[in-house]
Amino acid sequence: MKRKIFATFIVIGCLVCAVGCRKSDNNNQNITSSGNGGNQKETTAQGKDSGSQKIESGSVYETAAIIESESDGVKYVEESGKVMDIKYPMINDAFSDEELVTGYKVLRNGSSVQNTNETTKYYKYVVAYQWEGLYKGDNISTIEYSTYNSRCWFVDADYSLSDLLKEDKLEAQNITVENNDTENLRLAMFVELPTLKEAWYGYRQSPQTENEAICDILNNVIITADVTYKDGTKKTDYYRLETLNSSGTLMNIYRLIP
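Just so you know, these numbers come straight off a predicted model, no measurement behind them.

Q: Just to check I follow, could you spell out the nonpolar core for this structure?
A: Across soluble globular proteins, nonpolar side chains have a tendency to be buried as a group. Trp-131, Tyr-135, Tyr-145 and Leu-241 are the most contacted members of the largest nonpolar core, which totals 34 residues. Excluding residues that lie within four positions of it along the chain, Leu-241 makes contacts with Trp-131, Leu-187, Leu-218, Asn-219, Val-221, Ile-223, Met-251, Asn-252 and Ile-253.

Q: Sorry, what's going on with the confidence of the model for the protein chain here?
A: Parts of the model with low pLDDT should not have their predicted coordinates read in detail. For the protein chain, mean pLDDT is 79; residues scoring 70 or higher make up 75% of the total. Counted against residues more than four places away or in other chains, residues 1-52, with its pLDDT under 50, gives 132 contacts. Note that residues 55-60 has pLDDT below 50 and, in this model, 12 contacts with residues that lie over four places away or in other chains.

Q: I would appreciate a short explanation of the side chain of Arg-151 in the present structure.
A: Take Arg-151: it is sitting in the loop between strand E10 (140-148) and strand E11 (152-156). Under the relative-accessibility criterion, Arg-151 is labelled buried at 9%. At 2.8 Å, the side chain of Arg-151 forms a polar contact with the backbone oxygen of Phe-190.

Q: Is there a simple way to think about the pattern of salt bridges in this case?
A: For the structure on display, the rule yields nine salt bridges. Arg-240 is paired through a salt bridge with Glu-98; the nearest N and O atoms lie 2.7 Å apart. Of the two residues, Arg-240 is situated in strand E15 (residues 234-243) and Glu-98 in strand E7 (residues 97-105); the sequence distance between them amounts to 142 residues. In this structure Arg-240 comes out as partly exposed when scored by relative accessible area, which is 23%. With a relative accessible area of 31%, Glu-98 lands in the partly exposed category. A network of salt bridges, in which partner residues are shared, links Glu-78, Asp-85 and Lys-169.

Q: Help me out: how do you make sense of the environment of Glu-68 in this one?
A: The topology assignment puts Glu-68 in strand E4 (residues 65-71). When the C-alpha positions of Glu-68 and Met-90 are compared, they lie 9.7 Å apart, and in sequence the two are 22 residues distant.

Q: It is not clear to me how the side chain of Asn-211 should be interpreted in this structure. Could you clarify?
A: Mapping Asn-211 onto the fold places it in helix H2 (residues 207-220). On the basis of relative accessible area, Asn-211 is assigned to the buried category, the value being 14%. Within polar-contact distance, the side chain of Asn-211 engages the side chain of Arg-108 at 2.9 Å. Setting aside its immediate chain neighbours within four residues, Asn-211 contacts Arg-108, Ser-246 and Ser-247.

Q: What's the story with the environment of Tyr-135 in this structure? I'm lost.
A: Secondary-structure assignment places Tyr-135 in the loop between strand E9 (122-131) and E10. Distance in space between the C-alpha atoms of Tyr-135 and Thr-182 is 7.3 Å, their sequence separation being 47 residues. If we ignore the near neighbours within four places in the chain, the residues touching Tyr-135 are Ile-140, Ile-143, Tyr-145, Asn-180, Asp-181, Thr-182, Ala-225, Val-227, Lys-235, Asp-237 and Tyr-239. Of the polar contacts made by the side chain of Tyr-135, one reaches the side chain of Asp-237; its length is 2.6 Å. Polar side-chain contacts of Tyr-135 include one of 2.5 Å to the side chain of Tyr-239.

Q: I'm lost on the sheet that holds E11 in this one. Help?
A: In any sheet, the strands associate via hydrogen bonds between backbone groups, in a parallel or an antiparallel arrangement. Read from one edge of the open sheet, four strands run E8-E9-E13-E11, paired in antiparallel fashion. One side of each edge strand has no neighbouring strand; the edge strands of this open sheet are strand E8 (108-113) and E11. Strand-to-strand twist in this sheet, taken as the mean axis angle between neighbours without regard to direction, amounts to 25 degrees. Both E11 and strand E13 (residues 185-194) contribute to a ladder of five bridges, which runs antiparallel. Pairing of Cys-152 across the sheet is with Met-189, part of E13. The strands touched by H2 are E8, E9, E11 and E13; relative to E13, the strand with the most contacts, the crossing angle is about 125 degrees.

Cut-off values and rules
Residues numbered from 1 in each chain as written. Predicted model: local features only at pLDDT ≥ 70, side-chain atom pairs only at ≥ 80, totals over all residues. Heavy atoms only, no water. Core = buried A, V, L, I, M, F, W, Y, C linked by side-chain atoms within 4.5 Å. Buried < 20%, exposed > 50% of the residue type's maximum accessible area, 1.4 Å probe, protein only. Contact = heavy atoms within 4.5 Å. pLDDT = per-residue confidence, 0-100. Helix = DSSP H or I, 4+ residues; strand = E, 2+ residues; numbered from the N terminus. Polar contact = N/O pair within 3.5 Å; in protein donor to acceptor, adjacent residues only side chain to side chain. Salt bridge = Lys/Arg side-chain N within 4 Å of Asp/Glu carboxyl O. Pairing = 2+ DSSP bridges. Axes fitted to C-alpha atoms, helices over the stretch in contact; angles between N-to-C directions.

Right, here's the structure in full:
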């Protein structure tokens with residue numbers, strides 16, 4: 001049976017960045033727009049527009065403000081940064097136990113980075129890892145993946161990362177795949193960092209620092225998989241990731257037990 005990918009991708013408007021980023025009008029992907037309302041409140045304001053700064057090893061740049069909201073019983077966090085706003089849902093991570101499901105050696109399957117120069121203060125970076133799949137077999141009808149607690153979500157394997165980079169405001173999506181999830185998806189991660197004064201790496205932070213930000217995103221995410229079988233039965237599985245190397249391309253996947 002031919003596999004189909006259905007994605008709900010939520011784009012919340014656009015702001016023009018001081019560094020010249022502009023919203024793309026090209027949105028002709030297999031994606032539908034929707035939105036969530038809800039009251040919002042700004043709970044913390046952290047970080048400063050300190051210009052070019054070095055990120056010390058082991059640390060990740062904090063966005064300018066964290067805004068919390070709630071809609072239909074789901075809590076959301078919006079990280080309002082200097083060049084990118086990311087909104088994603090939150091879930092309670094107090095599970096009773098966990099079990100190791102598998103170890104992955106994944107491929108970094110594409111990236112897109114904002115152009116930087118000596119006047120750029122912050123830049124955004126989108127990178128995607130190939131998702132090898134957790135569910136195989138002929139008895140699966142659909143799998144809906146959702147991500148929580150982190151700046152990442154699943155996209156279709158063919159979706160353009162450069163289109164994501166053009167957006168200034170992004171909201172996490174759910175994605176549904178038919179039959180199984182093998183090689184159909186990529187996990188996209190969204191990084192914002194201050195530039196450096198040194199031009200050796202295009203005024204960007206070092207690859208080590210960028211990788212630390214990616215690993216932080218991977219280690220914080222909780223993934224849910226709503227699986228529907230062809231006989232009509234359903235189940236929901238919860239997972240967390242644990243990176244095992246500096247680039248995050250080696251990882252363990254644990255099933256979380258409520």
